[in-house]
Each structure stands twice: as C-alpha cells, then as structure tokens.
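Structural description and commentary
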Amino acid sequence: MISGSFSKVNSDDEQDIVPSSDCLNCPIVEEPRIHLASYSKRYTDVARLLRLKFIAQVCPKLRVEALELAINHVKSTYNVKMYEELHKIHSMEVERSVKSSKAISSSNTSIDTMPTCSTSQPNRAPCKALPYDSYWVEDNTMEATLLLQELDAELNFKKSNSGSTYVRRILEEIGDYHVKSGNLHLAIKYYARARPYCTSSDHVINMFRNLIRVSIYMANWWHVLSYIDEAKHYAAGFQNLAQSVPAQLSCAAGLANIGLKIYKTAAHCFLLTPFDHYDYHDIVAQQDVAYYGGLCGLATLDIEMLQLGCLESETFKPFIAISHRIWDLIANFISGDLDNCVKQLQEIESHVRLDVYMAPHVDALYGKIKTRMRDRKSSITERI
C-alpha cells in the first residue's frame, strides 16, 4: 500500500477527494492488463483522479505511472493540497524503487544501470522523481483565491441587483470552483443553495444532477439515491421530463446500489440505462456500464431476464456490444458453456479489480456467479 493518506477524509475547507472506505481492503493486483494512459483518458475531473489514486493504491506495477498521470491532471485544477499529497507519495515511491533496484543490482553483481519503474509502457524512460512545481503552487493558489473573492463579490452584487437566474448561475459557478478545489462538501452546499433561484424545470434537474455527481465522488450512496428520488418526483410533474429523467439517472442509481451491495437492483438500473442518451461518460465509461450491469446481472438475474435484458435489449445491448468479453460471458452462461465462463471470469478479473467502484464487490459478485454456475451445471447434468 502507498500511504495512510488515501483513507484520510478532511474537514469542509480541505480537499476530500478520496476513494470509498470500502476500497481500503481491496487486494493487490499483481498483473494488470490495461494501458493506463488510454484508460485514464476515458474519464475527466474528479473521476479521473479517484480512479488513478485507487490504481496507485492497489497495483504496484502501475503505481508510479498512475501517480504521474494524477499529478499532471491535478494541475488542471485548483487543488494544491492534492498536488502536494500526490507529489510527496510519488517521490517516496521513486526513492523506494531506486533503492530496491540498487539492492538487486548489487546482489547480482551486474553492471549498474539507471533503475526503471514498472508501468504499462515497456519502453518507458528511467524512473525519476518529478520536480516540485513551486511556481504552479504559488500561481495557482493566488489565482484560486482571487477567483473565489471575485465570485463571492459577484454573488453579493447579484443578490441585491439582479434576478434569480443570475444568482443561480453564480452559485453554480462557486460550486464548480469548489469541485476543482477538492472541497466537495462546500460544492454540495452551493449547488443546493441554487434551488430557490431556479426559474425553469431544466434548472432544477441540473441542480439535482450536480448534487448527484458530487455525491458519487464522495461515495455518499444514500445521498445519491435520495437526490435521484427527489429528481424523479419533481420530473413526474412535467410531461417532457417524466420519462427522460428517470432513464438518464439510472446509471447513477445503479452505481449507488452497487455501493450499497444491492446488486439485483443495480443490475436492473444498468439494464435501463439508455445508450443513445448516455451522458455519464465523465464518471462511468460506456464499457464500464457493460461490466457493471453484466456482472451484477450474472450474479442475480434469472436466465430469461439475462437473455431479454442483456443480449436482446434495445437499451442495454449496445453497451455490451462494445465490451465483447461481457457479451461472450453472458452468452456462454445462458447456453450452458460454463467451462468457458470460468475462463472468461478469470480473464477480466484484473480489470474489474482495478475499477474503483467494482473492486470492493468483486469477491461477492464472483462468489454469487460461481455458485449459480455450479447450480446450473448440476441442473444441466440432471437433465442429461
């Protein structure tokens, strides 16, 4: 493991971007099968930082690379404390790697060479500590302070001299600022304060989506479900929103139910997620939806529902069409080709154990799937 800092949750005025506490006991992944740079580009903002920090926590071979990518990404935000934390951990990891390489070199009496770090890129340059960017820290801190002062002044002015629309917009901008600063508790407060200033149904739904998004970052799963229920209740009063809003929020509902270990409900939520209007790319890639829905479905749904809800569904079928391993896994389970199912589960295991949202649930889901496979095998044998 890297550092206890991964489990630290700070007060409201400090950064609080941390993986869920469920992730702290996840097993180490020794043989990753992903190209980390390509993988991380699927996500943006806080979601990318969360995933990279988690991979650094559980995968020694990708640790330094994940930290470097996280450091580069955090410099596009105002989160100076996160930068300093990541830089400190990266420096410690590089130092440890160098000492380890020198010890091995001495014991093997081989020619001394520059130590290299294990990464997903075999031709990677020698392992070196990244220089601390004091200029960026100073400049970014000043810029963030001035921006917050400007937003606060504008908010006070708009409250006295402008209509609700302007006040709502500034509150959302302050919420966005706190997300970029890593102060997720404050972001929630400012997004919620925008509610009385919403002048249209779209404004209200957007407010709920902001609250849901940040609650996902914080892994506050009950809050996610609560905001989803409020959004659905509100949307029910508008003909144009009554059907679209529940579908658009189904991915977030599935994620929350996984976090709460309610796997059957999670499966149903993902199966109802619309491919054509999918807009949670920043947090959950389309490939992830296939893995989440497919594995939760295999663990909890009957054969008929798997066939209709996964392989033949107009809604979910496009997701697993771009994730052929999940498609093959479900198809083989339905057809009774259980030996190949076992093999395919093993092939995707390292991938799902690197996923910050799935990793805490892999053992439980795999256990349920394997139990169902044994039962299905017995049933097939009895019929023969």
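Above: the structure in question.
Residues numbered from 1 in each chain as written. Predicted model: local features only at pLDDT ≥ 70, side-chain atom pairs only at ≥ 80, totals over all residues. Heavy atoms only, no water.

1. A closer look at helix α11 (residues 250-259)
Residues spaced three or four apart along an α-helix face the same direction, because each turn holds 3.6 residues. Buried residues dominate α11, accounting for ten of its ten residues. Within the span of α11, buried status applies to S250, C251, A252, A253, G254, L255, A256, N257, I258 and G259. Packing partners of the buried residues in α11 comprise α8 (201-217), α9 (221-235), α10 (244-248), α12 (263-271) and α13 (286-300). Backbone geometry just after α11 places K261 at a positive phi near 65°. (Buried < 20%, exposed > 50% of the residue type's maximum accessible area, 1.4 Å probe, protein only. Helix = DSSP H or I, 4+ residues; strand = E, 2+ residues; numbered from the N terminus. Contact = heavy atoms within 4.5 Å.)

2. Some details on the side chain of H178
Positionally, H178 belongs in helix α6 (residues 164-181). The contacts of H178, once residues within four sequence positions are left out, are L148, N183, L184, L186, A187 and Y190.

3. Some words on the pattern of salt bridges
Under the definition given, this model contains 13 salt bridges. Where D288 meets R51, a salt bridge forms, and the shortest distance between an N and an O atom there is 3.6 Å. Pair noted here: D288 is in helix α13 and R51 is in helix α2 (residues 45-58), with a separation of 237 residues, a long-range link. Note that R169 and E154 form a salt bridge whose closest N and O atoms lie 3.8 Å from each other. (Salt bridge = Lys/Arg side-chain N within 4 Å of Asp/Glu carboxyl O.)

4. Regarding the environment of L86
Turning to its location among the elements, L86 is positioned in helix α4 (residues 80-107). Judged by its relative accessible area of 0%, L86 falls in the buried class. For L86, the residues in contact, after removing those within four places along its chain, are K53, L67, A70, I71 and V74.

5. Some points on the packing of α12 against α13
Packing of α12 against α13 leaves a shortest axis separation of 8 Å and a crossing angle of 135°. Between α12 and α13, the interaxial angle falls into the category oblique. At the point where α12 passes α13, the crossing takes the left-handed sense. Two secondary-structure elements touch here, α12 through Y263, K264, A266, A267 and F270 and α13 through V289, Y292, G293, C296, G297 and T300. Along the lines of polarity and charge, the residues of the contact of α12 with α13 split into seven nonpolar, three polar and one charged. (Axes fitted to C-alpha atoms, helices over the stretch in contact; angles between N-to-C directions. Parallel < 35°, antiparallel > 145°, perpendicular 65-115°, else oblique. Left-handed = near helix turned anticlockwise from the far one by under 90°. Nonpolar A, V, L, I, M, F, W, Y, C, P; charged D, E, K, R; others polar.)

6. Quick notes on the nonpolar core
Counting 109 residues, the largest nonpolar core has I55, I212, I216, Y280, I283, Y292 and Y357 as the members making the most contacts within it. The contacts of I216, once residues within four sequence positions are left out, are W221, V224, A252, L255, Y280, I283 and Y357. Grouped together as the second largest cluster of nonpolar side chains are eleven residues, Y78, L155, I170 and Y177 included. (Core = buried A, V, L, I, M, F, W, Y, C linked by side-chain atoms within 4.5 Å.)

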